[in-house]
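# Analysis of the macromolecular model
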Amino acid sequence: MYERLLLCKELLAKNGLVVIAIGLSEIFHTKLICDEIFQEKNFINCVTVETGEAGGIYTGYSKHRLTCV
């Protein structure tokens with residue numbers, strides 16, 4: 001993940017945005033890596049979304065909670 005995010009920083013425009021989709025167990029370490037590479041002041045938010053299957057269609061839905069790390 002570290003090497004990929006370093007490359008991402010090189011390719012990212014000055015006003016670009018990085019969105020990372022990971023499991024809950026990886027949030028802490030990914031946040032530390034992102035703070036090191038992109039600087040903590042550039043962090044916006046972490047949104048937790050629970051996913052499930054409804055009517056045979058895999059969907060994501062918000063439980064109306066935002067989790068800041």
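In this text the structure is predicted, and so the values were computed from the model without any measurement.

A few words on the packing of helix α1 (residues 2–11) against helix α2 (residues 27–38). The N-to-C vectors of α1 and α2 enclose an angle of 35°; their axes lie 10 Å apart at closest approach. The handedness of the crossing between α1 and α2 comes out as right-handed. Contacts between α1 and α2 involve Tyr2, Leu5, Leu6, Cys8 and Lys9 on the former and, on the latter, Ile33, Cys34, Glu36, Ile37 and Phe38. Grouping the amino acids of the contact of α1 with α2 by side-chain chemistry returns eight nonpolar, no polar and two charged.

Secondary-structure assignment places Met1 in the segment before α1. Residue Met1 is classed as partly exposed on the basis of its relative accessible area, which comes to 44%. Note: C-alpha distance between Met1 and Ile33 (32 residues apart in sequence) is 8.4 Å. When residues no more than four places from it in sequence are discounted, the contact partners of Met1 are Ile20 and Ile22.

Let us now look at the packing of aromatic side chains. Scanning the model with the defined rule gives zero aromatic pairs in all. The positively charged end of Lys31 is found above the aromatic ring belonging to Phe43, 4.3 Å away from the centroid.

In this model, the protein chain carries an average pLDDT of 80, and 71% of its residues clear a pLDDT of 70 or more. Confidence scores differ between elements of the protein chain, with strand β2 (residues 57–66) showing the lowest mean pLDDT of 52 and α1 the highest of 94. Low pLDDT (under 50) marks residues 64–69, which in the prediction has 14 contacts with non-local residues, meaning those over four places away or in another chain.

We now examine the pattern of salt bridges. On inspection of all chains with the given rule, the structure shows one salt bridge. The salt bridge partner of Lys31 is Asp35, with a shortest N-O separation of 2.7 Å. Taken together, the residues span about one helical turn, with Lys31 and Asp35 both in helix α2 at a distance of four residues. Note on accessibility: Lys31 and Asp35 belong to one class, buried.

This brings us to the environment of Ala21. Of note, Ala21 is situated in the loop between α1 and α2. Using a relative accessible area of 79% as the deciding quantity, one classes Ala21 as exposed. It is 9.9 Å that separates the C-alpha atoms of Ala21 and Val49, two residues lying 28 residues apart in sequence.

The rules behind each value
Residues numbered from 1 in each chain as written. Predicted model: local features only at pLDDT ≥ 70, side-chain atom pairs only at ≥ 80, totals over all residues. Heavy atoms only, no water. Axes fitted to C-alpha atoms, helices over the stretch in contact; angles between N-to-C directions. Helix = DSSP H or I, 4+ residues; strand = E, 2+ residues; numbered from the N terminus. Left-handed = near helix turned anticlockwise from the far one by under 90°. Contact = heavy atoms within 4.5 Å. Nonpolar A, V, L, I, M, F, W, Y, C, P; charged D, E, K, R; others polar. Buried < 20%, exposed > 50% of the residue type's maximum accessible area, 1.4 Å probe, protein only. Phe/Tyr/Trp six-rings, centres within 6.5 Å; stacked < 30°, edge-to-face > 60°. Lys NZ or Arg CZ within 6 Å of the ring centre and 35° of its normal. pLDDT = per-residue confidence, 0-100. Salt bridge = Lys/Arg side-chain N within 4 Å of Asp/Glu carboxyl O.

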